[in-house]
Amino acid sequence: MECPQELRYTKEHEWVRIEGEIGTVGITDFAQHELGDVVFVELPASGTSLTKGQAFGVVESVKAVSDIYAPVGGVVVEVNADVGRQPELVNQEPYGGGWLVRLRIADAGELGDLMDAGAYREYTREKD
Amino acid sequence: MTDQILKRTALYPCHRAAGARMVDFAGWEMPISYRGILEEHRAVRTGAGTFDVSHMGFVEIRGPQAAAFCQKLTTNDIGRLRDGRAQYSLLCNEKGGILDDVVVYRLEQRRLAVCVNAANAEAGVAWMREHATDGAEIDDRRRQTALIAVQGPRAAAALEPLGMESPAGRLARFGCVETRVLGVLAVVARTGYTGEDGFEIFVPADHAVRVWDVLVGEGAATPAGLGARDTLRLEAGLLLHGTDMDATTSPFAADLGAFVKLDCGPFVGREALVAEAQTGPVRRLVGIVLRDPGVPRHGYPIEREGRRIGVVTSGGMSPTLGRGIALGYVERPHDAVGTAVEIEVRGRRLEGEVVRRPFYRAPATGSGPAGHAQGRP
């Protein structure tokens, strides 16, 4: 399972890429593999305020509906329109074209408890 | 807490070797997918897919009363079968509730076979034995028989390397024949559960792996699992027993009245069904296509003008249509084709409409008569 080094990870299998005060959020390669073929993605509108840990959207596979949780609190500034038209991007490019939302991070301190790539890899190994 | 030992078909090693994702289905360890449900779905719609459905039950009925026995246990008219023909039918209880949906094959006048669903196989065979009559020997061949379904517009071509003595391409839709497949006697029927052309091969379990390997190798058929089987049958508008109907459902409610022949002599459940045929069912199974984006699923409410009128029994995103599709029961008269309805998905009402099934109809290929009838799980 791929886990890029520069990202941070949650126990619910979201990743976040931090660039200044903007965090890009998606689900991990482990998560997409567990889910199977993604057929529908439901995301909040730009401008929505999220708190850390809040369920903010849904990724649906053929068989399952999976909530996505905010790794950090903030305001949604951009939503990936491509995954609406091509939900399979979440499977094919979970860290690239399958990104879900971008947030303006409210409190960088909330990033402290996220896992790095090594810790996440260990975490997913235990789950197998 | 009990450790359940799952049953395995003869093809289990092939699935493991192919890296299939396995799942417990009706007590069997079965492949849900190999390379992915959507990829396998598309392979069946555009080429040929091959499914291991050996968990289903194959029971032979032999003797001078074989046809009469099948007639009294099933709702459809066995009298319409000639040698080499199969028909979709239902097994009902005394109340007219559907115990299982089956396909009955007439190989010869004194030799018929019934294919039952995996989940109902034990109960189905027991029920047949309960109603046994002289002159009809029940031969439960489940353990010795593997079942491979090859489905898709290229299905006949995929079967060519099997060297069937009686070529698959010559079988009429719903035809069946006992013939040699890779030199071994097997029953091949032009039946299926995907809405495509296709064949179901009942082969001795000892020879299943050889047949599978040839289909996947020279036949270039794509291994497809139960996940794709479900998305395909839903697009074809076909019901799944245990999900869309059960022993409390009447054939008329399930919109399967076409497979109930009330004028062909007695059968178990006939009296109850004669009564219901007078009044009609209170609710009926319909197909719904969503106009709004979203995925309908089992248990989601169906509404009309803010009032609940029914419930979804099977639903999903149609890979071919790119829209949510569902089967569900609605109160009459809201079952009329064209009725505007809503399906509630996570608190939101998504707009849709009752449509005629199938949701997807395969283009006619010109080979074998195009027939549409409820197929086979």
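Residues numbered from 1 in each chain as written. Chains lettered and ligands numbered in written order. Predicted model: local features only at pLDDT ≥ 70, side-chain atom pairs only at ≥ 80, totals over all residues.

1. Brief notes about the domain arrangement of chain B
Residue and element names in this part refer to chain B. Put simply, the rule reads: For every domain, the bounds stem from an assignment made automatically or drawn from a database. Contact criterion: two residues are in contact if their C-beta atoms, reconstructed from the backbone, are within 7 Å. Strands here mean DSSP runs of E at least two residues long; helices mean DSSP runs of H or I at least four residues long; both are numbered from the N terminus.
Taken as a whole, chain B is organised into domain 1 (1-281) and domain 2 (282-355). Placing a centre on the C-alpha atoms of domain 1 and another on those of domain 2 gives a separation of 28 Å. Taken together, the contact pairs 16 residues of domain 1 with 15 residues of domain 2. Contributing elements (two or more residues each) for the side of domain 1 that touches domain 2: α2 (37-46) and α7 (226-235). Here the side of domain 1 that touches domain 2 gets four residues from one element, more than from any other, and that element is α2.

2. Structural notes on helix α3 (residues 66-73) of chain B
All names here are of chain B. Our working definition: Backbone-placed C-beta atoms define the burial measure: a residue is buried with 20 or more other C-beta atoms within 10 Å of its own, exposed with 12 or fewer, and partly exposed in between.
When you tally the buried positions in α3, you get six out of eight residues, the bulk of the element. Those residues of α3 lying buried are Ala66, Ala67, Phe69, Cys70, Gln71 and Leu73. Looking at the buried residues of α3, the elements they touch are β4 (57-62), β5 (85-92), β6 (98-108), β7 (111-116) and α4 (121-130).

3. Brief notes about α2 of chain B
Residue and element names in this part refer to chain B. Burial of α2 is extensive: seven of the 10 residues sit out of reach of the surface. Burial in α2 covers these residues: Ile37, Leu38, Glu40, His41, Ala43, Val44 and Arg45. Structurally, α2 contributes buried residues whose contacts are with β2 (28-33), β3 (49-52), β9 (145-151), β13 (222-223) and α7.

4. Quick notes on the confidence of the model for chain B
Residue and element names in this part refer to chain B. Just so we agree on the cut-off: As a per-residue measure, pLDDT reflects the predictor's confidence and takes values from 0 up to 100.
Mean pLDDT over chain B: 95, with 96% of residues reaching 70 or higher. The low-confidence segment residues 367-377 (pLDDT under 50) makes 37 contacts with residues lying over four places distant or belonging to another chain. Across the assembled chains, the prediction reports ipTM 0.93 with pTM 0.95.

5. Let's talk about the interface of chain B and chain A
Short version of the rule: Residues are sorted three ways: Asp, Glu, Lys and Arg are charged, Ala, Val, Leu, Ile, Met, Phe, Trp, Tyr, Cys and Pro are nonpolar, and all the rest, Gly among them, are polar.
Contacts between the two partners involve 10 residues from chain B, matched on the other side by six residues from chain A. For the side of chain B that touches chain A, the secondary-structure elements that each account for two or more residues are α2, α7 and β16 (307-317) of chain B. Of the residues contributing to the side of chain B that touches chain A, the split by class is four nonpolar, six polar and no charged.

6. With respect to the packing of α2 of chain B against α7 of chain B
All names here are of chain B. What counts here: Geometry is summarised by axes, namely lines fitted to C-alpha atoms with helices restricted to the contacting stretch, and by angles between N-to-C directions that run from 0 to 180 degrees. For classification, angles of less than 35 degrees are called roughly parallel, those exceeding 145 degrees roughly antiparallel, those between 65 and 115 degrees roughly perpendicular, and all remaining angles oblique. A clockwise turn of the near helix away from the far one marks a right-handed crossing, whereas an anticlockwise turn of less than a right angle marks a left-handed crossing.
Remark: α2 packs on α7, axes separated minimally by 8 Å, with the N-to-C direction vectors making an angle of 55 degrees. When the axis of α2 is compared with that of α7, the two are oblique. The way α2 lies across α7 gives a crossing that is right-handed. For the pair formed by α2 and α7, the contact residues are Ile37, Glu40, His41 and Val44 on the first element and Gly227, Ala228, Thr231 and Leu232 on the second. Taken together, the residues that form the contact of α2 with α7 break down as four nonpolar, three polar and one charged.

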